[in-house]
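# Remarks on the overall topology
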Amino acid sequence: MTAEIWQLSEAELLADAADVSHQIQLMEARRIALVAEIDTRVAREKLGFPGPAGWLTSTTLLSPGKATKIVALGRGLKNFPDIADAVNTGVMTVDHAALILTFAETPPKNLPREGQDIARAAMITAATGPQARTGRIREAITKLEDTYGGKKPPPEDTDRNELFASKTLNGRLALKGDFDAITGEKLLTALSPLTEPRPAADGTETPRTGDDRSPALRRAEAFGQIIDHYLATKDRPTEGGEKPHLNLHIRLQDLTNLRNTAAGAGVDNNENGSTANESGNETHAATADRGAYRDLFGDGTTVGWLPWMGPLSRNTSRQLACDCILTAIVMDENGSPINLARTARTVTAKQKRALTARDHGCAFPGCGKPAAWTEGHHIWHWTDGGPTDMNNLVLLCGFHHKLIHHSDWEVFIGTDNHPWFIPPATVDPYREPRQSHARAGPHIA
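It should be emphasised that the depicted structure is a prediction, and the values quoted were computed from it without experimental measurement.

Rules of the game
Residues numbered from 1 in each chain as written. Predicted model: local features only at pLDDT ≥ 70, side-chain atom pairs only at ≥ 80, totals over all residues. Heavy atoms only, no water. Pairing = 2+ DSSP bridges. Helix = DSSP H or I, 4+ residues; strand = E, 2+ residues; numbered from the N terminus. Expected span 1.5 Å × (residues − 1). Buried < 20%, exposed > 50% of the residue type's maximum accessible area, 1.4 Å probe, protein only. Arc of directions from axis to C-beta. Contact = heavy atoms within 4.5 Å. Phe/Tyr/Trp six-rings, centres within 6.5 Å; stacked < 30°, edge-to-face > 60°. Salt bridge = Lys/Arg side-chain N within 4 Å of Asp/Glu carboxyl O. Core = buried A, V, L, I, M, F, W, Y, C linked by side-chain atoms within 4.5 Å. Patch = residues over 30% accessible without salt bridge, like charges linked within 9 Å, V, L, I, M, F, W, Y side chains within 5 Å. Areas by Shrake-Rupley, 256 points an atom, 1.4 Å probe, with all protein chains shown as cover.

### Re the sheet that holds strand E9 (residues 434-435)
- Taken together, three strands build an open sheet; the order of strands is E7-E8-E9 and the sheet is antiparallel. The open sheet is flanked by strand E7 (410-413) and E9, the only strands paired with a single partner.

Written out as structure tokens, the structure reads:
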């Protein structure tokens, strides 16, 4: 019988922690190998996604970025058995393998094949065991790229440019970029006049007495001003038939009535800071207020909602609404737009806005690609007489639009006026209907 952790001696704690870490490395390698085999053998129709990354994200706790990384490793390691062996035996981390694999797949232009093999072997050795350090591997890669990377020095190599934009768990956006010298100069030049410290009321211009913002905060606010200026220009490209602009979805009653949602939750901030339920009625209050929490996990209709970033507080939503164009979309009690009938084949701009308010993005379970990347799919096909009405339309990305047309997946509008999807028997023998992506999730009974 396995002893409880608190019963282990110090030596056993250290040994067990090291052993578990090694087992995790081996399991990571196993998962990469399994996903690589899925990528090769399992049909996209059965996955329900363009590749294993989408399937992994929808069926496990993995983030899209982590799932994509696993798929890329699985594909790449097939071509480099030496890196794969180090991963499979648990002597090298997956992160170090990804770093070396990137170098191996895109070596410096003028590095000879023999040199590539020697360099890769040296990096694998440097990445093996507990003494491995990422900095040493990166240093070797940088030196090789600087020496054999061609005529362009690194500051002028635009092929190296990268910009990562990742949503964080708390609803923020983290940016990470790597630009060539010219692009960097353009960005810093544009930021410079907008990042100057604001003078104090008496005209003092020193940051200590005038502007208390950190340099990082000043740059962030300046970047936002540049984006505002771009979105205000008339010559920007269109997407989905419209120029890109900020879209905010919120119920009118939430926009105009921002009552404190904590009212009625059983708390009264009196002078002593104590609750109002000290007379023995705590159970009654909790039961009476349970209904206030039943829609805690909603579908983005009880708070503000941004198509790209998701939930937004009603106070900030109200601030945005002070300077905007309001488009009214009448919704029913289930949060579905009242039918906007149309006899033409294509979806109108107003219908697209209404579909976005209902589906938020690609409605296929587990997908949720942004609404700007979707198309309006006729459930009852237009060529068969299906109308372009809200109760016959669903937003789907390009891949899932094709999947619905060319597979046994089915979609219908349920009694709640929202899309439901029926998987083929090869995916679910019982063909149980699945809620659309925006509707799926936990609910408090």
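### Some points on helix H7 (residues 113-126)
- Counted at 1.5 Å a residue, the expected span for H7 with its 14 residues is 20 Å, and the 20 Å between its end C-alpha atoms agrees.
- Of the residues making up H7, those classed as buried are Gly115, Gln116, Ala119, Arg120, Met123, Ile124 and Ala126. Taken down its axis, H7 places every buried residue within 165 degrees of arc, on the same side. Away from its buried face by more than 90 degrees, H7 exposes Glu114, Ile118 and Thr125.
- Structurally, H7 contributes buried residues whose contacts are with helix H5 (81-88), helix H6 (94-105) and helix H8 (134-148).

### Things to note about the packing of aromatic side chains
- One pass over the full model with this rule turns up three aromatic pairs.
- Relative to Phe421, the ring of Phe364 has its centre 5.5 Å away and its plane inclined at 65 degrees; by these criteria the two rings are edge-to-face. Of this pair, Phe364 sits in the loop between helix H14 (349-359) and strand E5 (374-378) while Phe421 sits in strand E8 (residues 419-422); the two residues are 57 residues apart in sequence, bridging distant segments of the chain.
- What makes Phe364 buried here is its relative accessible area of 2%.
- A relative accessible area of 0% places Phe421 in the buried class.
- By the ring-pair criterion, three or more aromatic residues cluster together here, those being Phe49, Phe364, Trp409 and Phe421.

### What about the pattern of salt bridges?
- Applying the stated criterion across every chain, the model contains 14 salt bridges.
- Of the charged contacts in the structure, one is a salt bridge between Lys69 and Asp95, with a shortest N-O distance of 2.5 Å. On the criterion of sequence distance, the pair formed by Lys69 in helix H4 (residues 64-77) and Asp95 in helix H6 is long-range, its members being 26 residues apart.
- We classify Lys69 as partly exposed; its relative accessible area is 29%.
- The partly exposed category is assigned to Asp95, whose relative accessible area is 48%.

### A closer look at the pairing of strand E6 (residues 393-397)
- Within E6, five of the five residues are buried, which leaves the element mostly enclosed by the surrounding structure.
- Here E5 runs beside E6; their pairing, made up of five bridges, is antiparallel. Bridge pairing in E6 places His378 opposite Leu393.

### Regarding the nonpolar core
- With 33 residues, the main nonpolar core has Ile83, Met92, Ile100, Phe103, Met123 and Ile137 as its most contacted residues.
- Of all the secondary-structure elements, those providing two or more residues to this core are helix H1 (10-41), helix H3 (52-59), H4, H5, H6, H7 and H8.
- Of all the elements, H6 adds the most residues to this core, at eight residues.
- Among all residues touching Met123, those that are not within four sequence positions of it are Ile100, Phe103, Ile137, Ala140, Ile141 and Leu144.
- By size, the runner-up hydrophobic cluster in this structure holds 13 residues, among which are Cys362, Cys397, Leu403 and Trp409.

### Concerning the side chain of His96
- Residue placement: His96 occurs in helix H6.
- The class for His96 is buried, based on a relative accessible area of 8%.
- Apart from residues lying up to four places away in sequence, His96 is in contact with Ala127, Ala132, Arg133, Thr134 and Ile137.

### Here we look at a nonpolar patch on the surface
- Taken together, the side chains of Leu163, Leu173, Leu175, Phe179, Leu187, Phe223 and Ile227 define a hydrophobic patch exposed on the protein surface, amounting to about 600 Å² of accessible area.
- Looking at the nonpolar patch, the elements with two or more residues in it are strand E2 (173-178) and helix H10 (215-232).
- In this structure, Ile227 sits in helix H10.
- When its relative accessible area of 37% is taken as the criterion, Ile227 is described as partly exposed.

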